[in-house]
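Remarks on the overall topology
Each chain is listed here by its residues.
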Amino acid sequence: MNQGSADKTRVDRTARKTVGDFTHPDPRITCRNVSVHYGDKCAVRNVDLDIGRNEVIALIGPSGCGKSSFLRCLNRMNDTIEGCRVSGEFRMDGNDLYDPDMDVVLLRAQVGIVFQKPNPFPKSIFDNVAYGPRIHGLAQTRAGVEEIVETSLKRAGLWEEVKDYLNDPGTSLSGGQQQRLCVARAIAVNPEVVLMDEPCSALDPIATARIEELIDELSELYSIVIVTHSMQQAARVSERTAYFHLGDLIEVGATDEVFTKPQHKLTEDYITGRFG
Amino acid sequence: MNNRGGADMPVDTTQIIKRTLARRYRREARFRRMGLFAVVLGLAFLSLLLFSIVSKGYTAFWQTFVLMDVHLDAGVIDPEGTLDQEVMFAADYGGMIKASLRDTFPEVTQRREKRDLYRLVSSGAGFYLREEVLQNPDAIGKTIQIWVPADDDVDMLMKGHFDRDKPEEDRRIKDQQIAWVDRLVDQNRIELRFNTTFFTAGDSREPELAGIWAAVCGSFFTLVITLLLAFTMGVATAVYLEEFTPKNRWTDLIEVNINNLAAVPSIVYGLLGLAVFINFFGLPRSVPLVGGLVLALMTLPTIIIASRAALKSVPPSIRDAALGVGASKTEMVFHHVLPQAMPGMLTGTIIGMAQALGESAPLLMIGMVAFIADAPGGFTDPSTVLPVQIYLWADSPERAFVERTSAAIMILLAFLFSMNGLAVLLRKRFERRW
């Protein structure tokens with residue numbers, strides 16, 4: 001206890017400028033000067049960050065630091081939250097995400113999301129995965145839909161477990177299976193970026209390991225932004241890591257550097273477990 | 001186990017908790033007993049109500065019939081032998097019934113006595129005879145045996161509702177008539193038979209000819225209109241308000257108004273129906289169409305409130321999931337939220353429909369209280385509804401309408417139960433799909 005408070009006095013709380021290089025040589029999404037407010041409360045303040053092509057970037061930080069809020073900006077899921085205001089500039093391949101002409105439906109088909117709590121539709125496993133392709137008209141025939149469902153479930157590592165129970169309700173699966181089902185549902189529409197909001201927080205280590213393997217495989221095709229509370233997980237799966245603290249982006253860098261040689265005091269305190 | 005607090009906490013916490021436990025359990029037991037008492041009391045009142053209705057009403061499902069030998073006089077029914085339906089329809093069948101009665105009791109000669117004799121059978125007995133003749137024209141010229149309904153006073157006598165020991169002037173049936181009935185009983189010419197008339201006929205001034213069918217039809221047509229309008233509009237309103245409108249002062253105002261409308265006395269809706277639908281739009285009175293419109297207005301707030309509650313209870317994670325794979329807002333609502341909310345919406349709808357089924361006050365205002373003997377054939381035929389029919393019968397002086405009132409209440413309850421059963425089935429179906 002005493003040691004912690006002594007450390008905190010050493011932290012320079014005014015230094016909230018982002019340490020490290022927030023740009024990426026081959027960016028998929030560029031975010032500049034991003035702020036998110038819920039009513040009067042500021043959740044994210046003036047964040048600049050690039051999401052690279054085919055990279056896995058981990059967003060870490062203590063609870064309430066704004067990393068989920070930032071993540072949800074990337075496919076405008078924040079639009080649905082009452083009283084939420086987003087400012088700043090988001091560009092994906094040069095297109096402004098928050099342009100009034102931007103089609104949100106199209107955006108969300110391109111930028112898929114996996115939520116913290118597994119939330120399969122209360123429908124069959126098959127329909128869960130087939131829903132996205134069906135509404136977007138990705139397959140014209142039943143056979144086409146079946147093929148998408150099969151490949152998506154295979155890529156999510158769930159096919160072998162559920163191939164004989166495709167008509168069972170998705171909610172009857174275990175937590176880890178449900179989360180992989182949600183991943184399969186997200187990748188079934190063939191997104192270009194996948195956002196993951198603490199996808200393993202409700203899972204046991206085995207299920208977590210499967211999801212992490214999956215992230216590795218998916219990173220060959222997609223850009224992945226993952227929010228996580230587990231620093232080991234961030235270290236295992238990501239190429240770059242961004243550390244958020246109370247709404248500020250404190251430090252960005254290659255994952256091994258952030259974890260081995262954190263430059264900012266706050267980052268160091270967090271990853272060494274002094275607070276968070 | 002003890003003294004974790006050391007010197008400054010000398011009392012064992014376990015002891016403290018144990019001391020409070022007895023009191024806490026007592027409180028729980030008391031609450032349980034109160035709950036049980038409330039349930040038992042409720043059930044007692046319910047069974048009392050059902051018992052009183054059934055015990056009063058079950059006799060209405062039987063009706064006293066008299067067996068008569070009727071000579072079908074060809075000269076009266078079909079004088080020209082053409083078998084023309086119209087001629088046969090217009091013949092004096094009542095006269096033949098009377099002639100038959102005179103033959104059965106040849107000692108009756110005086111005018112007044114004859115009149116009392118004729119009162120043994122229903123004034124509608126002729127219609128039964130006509131029906132028989134029109135179906136079997138071959139019988140014309142012969143003497144046939146036919147069961148015709150007895151008069152309601154005879155019916156009451158047979159069912160034991162009249163006290164024979166009372167002085168003659170205090171009862172509706174005379175000593176002489178009782179003697180005749182007893183003679184018919186001795187001859188096995190009188191018996192209680194199942195009362196099909198009650199289920200197939202419309203209202204009548206004569207209890208033995210009155211039936212519930214017209215009111216059932218009226219209620220059915222009215223409720224069809226109510227259901228179609230109130231359910232579609234209610235669900236659409238709820239979905240729009242809950243899912244699509246921004247939350248602001250106007251939607252708050254609308255919400256407050258809807259909640260207030262749910263509490264408006266139903267007769268006010270009747271006045272509105274009278275002023276708007278009948279006087280302004282010129283729709284006919286006493287018809288299921290207007291009744292259904294009025295009841296739809298009355299039920300709408302109930303359905304909207306229940307539907308909004310059902311929509312609110314759909315977990316936001318489902319909405320996020322749908323939006324997350326790129327569903328538009330409308331797709332999200334219709335593919336995921338609405339099916340999830342449907343069981344709750346159906347529950348609300350059924351409550352509203354049950355309310356509408358039992359409602360009579362607003363229908364009185366739009367003229368559905370009129371005496372209507374024929375079953376309506378559509379939405380624009382004059383008709384009455386079950387609760388109004390019950391009210392009308394309860395208001396009638398004849399003793400025989402007492403049991404028919406209770407019987408009609410049973411029919412109303414059966415109608416209600418079957419509606420509820422249907423809703424439960426539907427709800428199960430919707431729930432099983434997930």
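Fair warning: this is a prediction, and the values are worked out from it, not measured in the lab.

Let us look at the overall build of chain A. The helix and strand inventory of chain A stands at 11 helices and 10 strands. Summarising its shape, the C-alpha atoms of chain A cover approximately 60 × 45 × 35 Å along the three principal directions. Buried positions account for 54% of the 276 residues belonging to chain A. In chain A, the proportion of contacts linking residues at least 24 apart, taken out of those at least 6 apart, comes to 69%. Within chain A, the 40 negative side-chain charges are centred at a point lying 5 Å from the centre of the 31 positive side-chain charges.

At the junction of the two partners, chain A supplies 23 residues and chain B supplies 18 residues. Buried area between chain A and chain B, summed over both chains or domains, comes out near 1,700 Å², and the portion from carbon and sulfur atoms is 65%. Contact with chain B buries surface across chain A, with Phe121, Pro122 and Tyr131 of chain A losing the most and accounting together for 31% of the total. At the boundary of chain A with chain B, the tally comes to one salt bridge. In this structure, Arg72 of chain A and Asp320 of chain B form a salt bridge, with 3.8 Å as the shortest nitrogen-oxygen distance. Inspection of the region where chain A meets chain B yields four residue pairs in polar contact (both at pLDDT 80 or more).

Within this structure, the stated rule accounts for 17 aromatic pairs over all chains. Ring geometry for Trp393 of chain B against Phe401 of chain B: centres 5.8 Å apart, planes inclined by 25 degrees, an arrangement best described as stacked. This pair shows no difference in class: Trp393 of chain B is buried, exactly as Phe401 of chain B is. An aromatic cluster of at least three residues, connected via ring pairs, comprises Phe61, Trp62, Phe194, Phe198, Phe199, Trp393 and Phe401 of chain B. A cation over an aromatic ring shows up here: Arg185 of chain A above the ring of Phe121 of chain A, its NZ or CZ 4.5 Å from the ring centre. Lying over the aromatic face of Phe65 of chain B, Arg193 of chain B brings its terminal NZ or CZ to 5.9 Å of the ring centre.

All right, on to helix H5 (residues 142-155) of chain A then. Working note: α-helix, 3.6 residues per turn, so residues spaced by three or four point in the same direction. Residue and element names in this part refer to chain A. Helix length check: H5, at 14 residues, gives a terminal C-alpha distance of 20 Å against a target of 20 Å (1.5 Å per residue), a fit within 8%. Burial in H5 covers these residues: Gly144, Val145, Ile148, Val149, Ser152 and Leu153. Looking down the long axis of H5, one finds its buried residues gathered within 160 degrees of arc, a one-sided arrangement. Contacts made by the buried residues of H5 are with helix H4 (125-136), helix H6 (159-162) and helix H7 (175-188).

For the rest of this paragraph, the subject is the sheet that holds strand S8 (residues 223-227) of chain A. All names here are of chain A. Pairing within the open sheet is mixed, and its six strands lie in the order S6-S7-S8-S3-S9-S10. The two strands at the open ends of the sheet, each matched to only one other strand, are strand S6 (111-114) and strand S10 (248-254). Between one strand axis and the next, the sheet turns by 15 degrees as a mean value, whatever way the strands run. Of the pairings in the sheet, the one linking strand S3 (residues 56-60) to S8 comprises four bridges and is parallel in character. Bridge pairing in S8 links Val56 to Ile224. Contacts from H7 reach S6 and strand S7 (193-197) within the one sheet, and its direction differs from that of S6 by about 170 degrees.

Residue and element names in this part refer to chain A. Compared with an ideal rise of 1.5 Å per residue, which puts 14 residues at 20 Å, H7 spans 20 Å between its outermost C-alpha atoms and is within 8% of the ideal. For H7, the tally of buried residues reaches 13 of 14 residues, placing the bulk of the element in the interior. Looking one or two residues past H7, Asn190 carries a phi angle of roughly 55 degrees, positive in sign.

Turning our attention to the domain arrangement of chain B. Residue and element names in this part refer to chain B. Taken domain by domain, chain B comprises domain 1 (61-194) and domain 2 (213-432). Centre-to-centre, using C-alpha coordinates, domain 1 lies 46 Å away from domain 2. Across the domain 1 to domain 2 interface the summed buried area is about 660 Å²; carbon plus sulfur atoms make up 59%. It is Phe61, Met156 and His161 that lose the most area in domain 1 upon contact with domain 2, and together they represent 57% of the buried surface on that side. Summed over the shared surface of domain 1 and domain 2, the number is one salt bridge. One salt bridge in this structure joins Glu403 and Lys159, with 2.7 Å as the shortest N-O distance.

Residue and element names in this part refer to chain A. Despite not being glycine, Asn46 has its phi angle at roughly 45 degrees, a positive value. Within the secondary structure, Asn46 sits in strand S2 (residues 41-52). In this structure Asn46 comes out as partly exposed when scored by relative accessible area, which is 47%. Even without a glycine there, the phi angle at Asn190 is positive, about 55 degrees. Tracing the chain through its elements places Asn190 in the loop between H7 and S7.

So, about a positive patch on the surface. Together, Arg23, Arg24, Arg26, Arg27, Arg30 and Arg33 of chain B make up a region of like positive charge exposed at the surface. Judged by relative accessible area, Arg30 of chain B falls into the partly exposed class, the value being 44%.

This part is about the sheet that holds S2 of chain A. Residue and element names in this part refer to chain A. Here four strands make up an open sheet; going across it, the order is S2-S1-S4-S5 and the pairing antiparallel. Each edge of the open sheet is held by one strand with a lone partner, namely S2 and strand S5 (95-96). Two strands pair when backbone bridges link them, and strand S4 (residues 84-92) and S5 are joined in this way by two bridges, in the antiparallel orientation. Of the residues in S5, the one forming a bridge with Met92 is Asn95.

The next point concerns the side chain of His336 of chain B. If you trace the backbone, His336 of chain B turns up in helix H15 (residues 329-357). In this structure the side chain of His336 of chain B is engaged in a polar contact, spanning 3.3 Å, whose partner is the side chain of Tyr131 of chain A. In contact with His336 of chain B, other than residues within four places in its own chain, are Phe121, Lys123 and Tyr131 of chain A together with Ile318, Ala322 and Glu331 of chain B.

This brings us to a nonpolar patch on the surface. Residues and elements named next belong to chain B. A surface patch of nonpolar side chains, amounting to about 440 Å² of accessible area, comprises Val39, Leu43, Leu46, Leu49 and Leu50. Within the secondary structure, Leu49 is located in helix H1 (residues 13-57). In this structure Leu49 comes out as partly exposed when scored by relative accessible area, which is 46%.

The rules behind the values
Residues numbered from 1 in each chain as written. Chains lettered and ligands numbered in written order. Predicted model: local features only at pLDDT ≥ 70, side-chain atom pairs only at ≥ 80, totals over all residues. Heavy atoms only, no water. Helix = DSSP H or I, 4+ residues; strand = E, 2+ residues; numbered from the N terminus. Buried < 20%, exposed > 50% of the residue type's maximum accessible area, 1.4 Å probe, protein only. Contact = heavy atoms within 4.5 Å. Lys, Arg positive; Asp, Glu negative; His and termini not counted. Charge placed at Lys NZ, Arg CZ, Asp CG, Glu CD. Buried area = accessible area lost by both parts, 1.4 Å probe. Salt bridge = Lys/Arg side-chain N within 4 Å of Asp/Glu carboxyl O. Polar contact = N/O pair within 3.5 Å; in protein donor to acceptor, adjacent residues only side chain to side chain. Phe/Tyr/Trp six-rings, centres within 6.5 Å; stacked < 30°, edge-to-face > 60°. Lys NZ or Arg CZ within 6 Å of the ring centre and 35° of its normal. Expected span 1.5 Å × (residues − 1). Arc of directions from axis to C-beta. Pairing = 2+ DSSP bridges. Axes fitted to C-alpha atoms, helices over the stretch in contact; angles between N-to-C directions. Domains from an automatic or database assignment. Patch = residues over 30% accessible without salt bridge, like charges linked within 9 Å, V, L, I, M, F, W, Y side chains within 5 Å. Areas by Shrake-Rupley, 256 points an atom, 1.4 Å probe, with all protein chains shown as cover.

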